[in-house]
Amino acid sequence: MKPTLSNMIRTLVAERLNVPQASISLDEDFADLGLESLDAVILSGLLEEQIGRPVDPTLFIENRSISAVARAMSDDIQVDVNVD
């Protein structure tokens, strides 16, 4: 079974924040999680490594939740993962 794009992003966010994945809602605002612009750059780089495609850090700034980023990415790229 392929991982969903949302779950890939949630995993990266959880690792960045050093919290369990289950504690992060897909619709929770990144600011409420404590993420900042530097985190957006780091997360975009990590996600880029996983999917093998460029990921613009502004995706994490303009789309304020995991589900919003996944939706925006699914509109722009085809990756070998499912989108929730």
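Position numbers for residues start from 1 in each chain and track the written sequence from start to end. Per-residue local features of the predicted model are confined to residues with pLDDT of at least 70, and side-chain atom pairs are confined, for both listing and counting, to 80 or more; whole-chain, interface and lining totals are unaffected and use all residues. Think of the side-chain values as coming from all heavy atoms in the structure, minus any hydrogens and water.

Describe the pattern of salt bridges, with residues and values.
When a carboxyl oxygen of Asp or Glu is within 4 Å of a side-chain nitrogen of Lys or Arg, the pair counts as a salt bridge. In the structure shown here, the tally under the stated rule is two salt bridges. Among the ionic pairs, D39 bridges to R16, the shortest N-O distance being 2.7 Å. Residue D39 is located in helix α3 (residues 37-51), and its partner R16 is located in helix α1 (residues 5-17); the two are separated by 23 residues in the primary sequence. Think of it in three bands: residues with accessible area under 20% of the maximum for their type are buried, residues over 50% are exposed, and the middle band is partly exposed, with areas taken using a 1.4 Å probe on protein chains only. Accessibility expressed as a relative area gives 10% for D39, which makes it buried. Residue classification places R16 among the partly exposed residues on the basis of a relative accessible area of 35%. Only DSSP runs of H or I reaching four residues or more are called helices, and only runs of E reaching two or more are called strands; each is numbered from the N terminus.

Explain the side chain of D39 to me, using residue names and the numbers behind them.
Contacts described as polar in this section are N or O atom pairs within 3.5 Å, which, within protein, must combine one atom able to donate a hydrogen with one able to accept it, while residues neighboring in sequence count only if both atoms come from side chains. Of the polar contacts made by the side chain of D39, one reaches the backbone nitrogen of E36; its length is 2.8 Å. By definition, residues are in contact when any of their heavy atoms lie within 4.5 Å. In this structure D39 touches R16 and G34, once residues within four positions along its chain are discounted.

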